[in-house]
Amino acid sequence: MAVLPILTQEAPILRQKAKRVARVDDSVRKLIDDMVDTMVAAPGVGLAAPQVGVGLRVLVIKTDENLHALVNPEMVKGEGEQIGPEGCLSVPGYVGEVKRFLRVVARGLNRHGKTVKVKGDGLLARAIQHEIDHLDGILFTDRLTSLDTLRKVEPEEQEQKAELVGV
Ligand code: ZN
């Protein structure tokens, strides 16, 4: 278990398409554990492997008591829409308005290599879409409803609303 450094937007790996994981083995389970430690320490509600310098399709999310770790995640369904502030651990100190599906279903492999589905709405749905974007080299700043909505977050606001900035 280890807290890893989180790369910021200048890092080329954040603009590359991550590779599918061929087999969920101990090295992938260790990556998941380290990503969870890193996300919790940030603190954040989600993290994708490229953010810690690993070009593999792995994400972790914790928006409530439930921890989700998905390998090779895919969106199965997206419904409705939500428009709201979003930030990113790799774009520290900024939030901007992004439109996302309100409810999603994603499918992937869990830490044991079994296929699982994750259903979410609201923040969980937003985090799933944000993290899958990371695996395709897309940052939230590419998806702003308008560039004018990008703004700096005050430090106090950042403390109160980790969910705004921590994905
Ligand atoms: Zn992010």
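Residues numbered from 1 in each chain as written. Predicted model: local features only at pLDDT ≥ 70, side-chain atom pairs only at ≥ 80, totals over all residues. Heavy atoms only, no water.

## Section: the overall build of the protein
Each helix and strand in the protein was counted, giving 4 helices and 8 strands. Element order for the protein, N to C, with α for helix and β for strand: α-β-β-β-β-β-β-β-α-β-α-α. For 167 residues, the compact-globule estimate of 2.2 N^0.38 gives 15 Å, and the protein sits close to it at 15 Å. Along the first, second and third principal axes, the C-alpha set of the protein runs to 45 × 35 × 30 Å. Buried positions account for 46% of the 167 residues belonging to the protein. Look at the contacts in the protein between residues 6 or more apart in sequence, and 67% of them connect residues 24 or more apart. Taken as a whole, the protein presents about 8400 Å² of accessible surface, with 51% of it coming from carbon and sulfur. Each charge class in the protein can be summarised by its mean position, and for the 23 positive and 24 negative side chains these summaries are 8 Å apart. (Helix = DSSP H or I, 4+ residues; strand = E, 2+ residues; numbered from the N terminus. Rg over C-alpha atoms; globule rule 2.2 N^0.38 Å. Buried < 20%, exposed > 50% of the residue type's maximum accessible area, 1.4 Å probe, protein only. Contact = heavy atoms within 4.5 Å. Areas by Shrake-Rupley, 256 points an atom, 1.4 Å probe, with all protein chains shown as cover. Lys, Arg positive; Asp, Glu negative; His and termini not counted. Charge placed at Lys NZ, Arg CZ, Asp CG, Glu CD.)

## Digging into the sheet that holds strand E5 (residues 94-100)
The strands that make up a sheet are held in pairs by hydrogen bonds between backbone atoms, and each pair lies either parallel or antiparallel. Pairing in this open sheet of 3 strands is antiparallel, and the strands run E4-E5-E8 from one edge to the other. With partners counted over all chains shown, the strands left at the sheet margins are strand E4 (82-87) and strand E8 (151-152), one partner each. Where E5 lies against E8, 2 bridges are found, and the strand directions are antiparallel. Bridge pairing links Tyr94 to Lys152 in E8. The strands touched by helix H2 (residues 122-135) within the sheet are E4 and E5, with E4 carrying the most contacts at an inclination of about 60°. (Pairing = 2+ DSSP bridges. Axes fitted to C-alpha atoms, helices over the stretch in contact; angles between N-to-C directions.)

## Focus on the pattern of salt bridges
Where charged atoms from two side chains of opposite charge approach closely, those side chains can pair. Within the structure shown, the criterion is met by 15 salt bridges. Residue Arg29 is joined to Asp26 by a salt bridge in which the shortest nitrogen-to-oxygen separation is 2.9 Å. One end of the pair, Arg29, and the other, Asp26, are both in helix H1 (residues 26-41), 3 residues apart, so they sit about a helical turn from each other. For Asp133, the salt bridge goes to Arg143, with nearest N and O atoms at 2.5 Å. Of this pair, Asp133 sits in helix H2 while Arg143 sits in the loop between H2 and E8, and the two are 10 residues apart along the sequence. For Asp133, a relative accessible area of 7% gives the class buried. Residues joined by salt bridges that share partners form a network here, namely Glu86, Arg100, Arg126, Asp133 and Arg143. (Salt bridge = Lys/Arg side-chain N within 4 Å of Asp/Glu carboxyl O.)

## Observations concerning the environment of Val76
Relative to the elements of secondary structure, Val76 occurs in strand E3 (residues 67-79). Residue classification places Val76 among the partly exposed residues on the basis of a relative accessible area of 38%. Sequence-wise, Val76 and Arg107 are 31 residues apart; in three dimensions their C-alpha atoms are separated by 6.5 Å. If we skip the residues at most four places from it in the chain, Val76 touches Val105, Ala106 and Arg107.

## Section: the environment of Val54
Checked against the element boundaries, Val54 lands in the loop between strand E1 (46-48) and strand E2 (58-62). When the C-alpha atoms of Val54 and Arg100 are compared, they prove to be 26 Å apart, with 46 residues separating the residues in sequence. Contact partners of Val54, with chain neighbours within four places excluded, come to Ile13, Leu31 and Ala49.

## Quick look at the sheet that holds E3
Here 5 strands make up an open sheet; going across it, the order is E1-E2-E3-E6-E7 and the pairing antiparallel. Each end of this open sheet is capped by a strand with a single partner; those strands are E1 and strand E7 (115-121). Taking each pair of neighbouring strands and ignoring which way they run, the sheet shows an average axis angle of 40°. Its contacts with the sheet put H1 on E1, E2 and E3, and the angle it makes with E2 is roughly 40°.

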